[in-house]
Amino acid sequence: AIWHFKGNSRVATRIAARTGGWFGLALIGLGIFSAFSGDLVGGMWMALIGLFIRGAAGSSEMQTPLRRGLEGERVARFMTPDPSTVPPDTTLRDFVERYIYRDRHEAYPVTGSDGSLLGMVTVHDVRLQPREQWETITVGQIMTEAGPHNSIEAKTDAMAALSLMQRKDNARLMVTRNGRLVGIMALKDMMRLFALKMDLEGDRD
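These notes cover the structure that comes with them.

How each quantity is defined
Residues numbered from 1 in each chain as written. Predicted model: local features only at pLDDT ≥ 70, side-chain atom pairs only at ≥ 80, totals over all residues. Heavy atoms only, no water. Buried < 20%, exposed > 50% of the residue type's maximum accessible area, 1.4 Å probe, protein only. Helix = DSSP H or I, 4+ residues; strand = E, 2+ residues; numbered from the N terminus. Pairing = 2+ DSSP bridges. Contact = heavy atoms within 4.5 Å. Axes fitted to C-alpha atoms, helices over the stretch in contact; angles between N-to-C directions.

### Side note on the pairing of strand 3 (residues 117–122)
Okay, so step 1: For strand 3, the tally of buried residues reaches 5 of 6 residues, placing the bulk of the element in the interior.
Okay, so step 2: Here strand 2 (residues 107–111) pairs with strand 3 via 5 bridges, running antiparallel. What sits directly across from tyrosine 108, in strand 3, is valine 121.
Okay, so step 3: Taking the residues that link successive antiparallel strands as the turn, the strand 2-strand 3 hairpin has 5 residues, and the phi of glycine 115 there is positive, at about 85°.
Okay, so step 4: As paired strands, strand 3 and strand 4 (residues 144–145) are joined by 2 bridges and run antiparallel to one another.

If you want it as structure tokens, here you go:
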């Protein structure tokens, strides 16, 4: 209804979210009052519902500028092109010395001799392995294989990529074009560019 009368979805979302936040706060207060008045279980449930509504309202308001900033953008806009890659037969010792200590990245795509994308290996993966076995264990043995959970096409909408990161609890995605690695996208880089875009363009509604 607010969207209809205001003619602006962002303004309507902001008003609805803040109204929902105040409504949730009122429910929390009413629940506490009910609990102290003798209805402990009912009051607790009411307060919990109020907390949920307040949290949902805040999340909705925060997503509005994010959706606006990423609207129409493709993954390729946010990726780091031509990332350092590691052959699967690299020992962990060589991986640490020749890649991690040199480039200081947290994750590296693993590619075959023909350039095919095989998977991704991270600092955390190495940390889980016994140090005395770093000379014998290879990157290919501990990597996470490439798949829809950690790779995405460069032409994909940025919001879809962000949704995938949230669902899979993955802060990095390998970016492909026609099945070939073309870059890597990190959540922190995505948010940094989004913040710069908002700082320059702002929300003038």
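What follows continues from the structure just given.
### Let's talk about the sheet that holds strand 7 (residues 180–186)
Okay, so step 1: Strand order in the open sheet formed by 4 strands is 1-7-6-5, with mixed pairing between adjacent strands. Strands with a single pairing partner mark the edges of an open sheet, and in this sheet they are strand 1 (80–81) and strand 5 (151–153).
Okay, so step 2: One ladder, built from 3 bridges, connects strand 5 with strand 6 (residues 172–177); its direction is parallel. Within strand 6, the residue paired with serine 151 across the bridge is methionine 174.
Okay, so step 3: Against the sheet, helix 7 (residues 158–168) engages strand 5, strand 6 and strand 7, with an angle of about 135° to strand 6.

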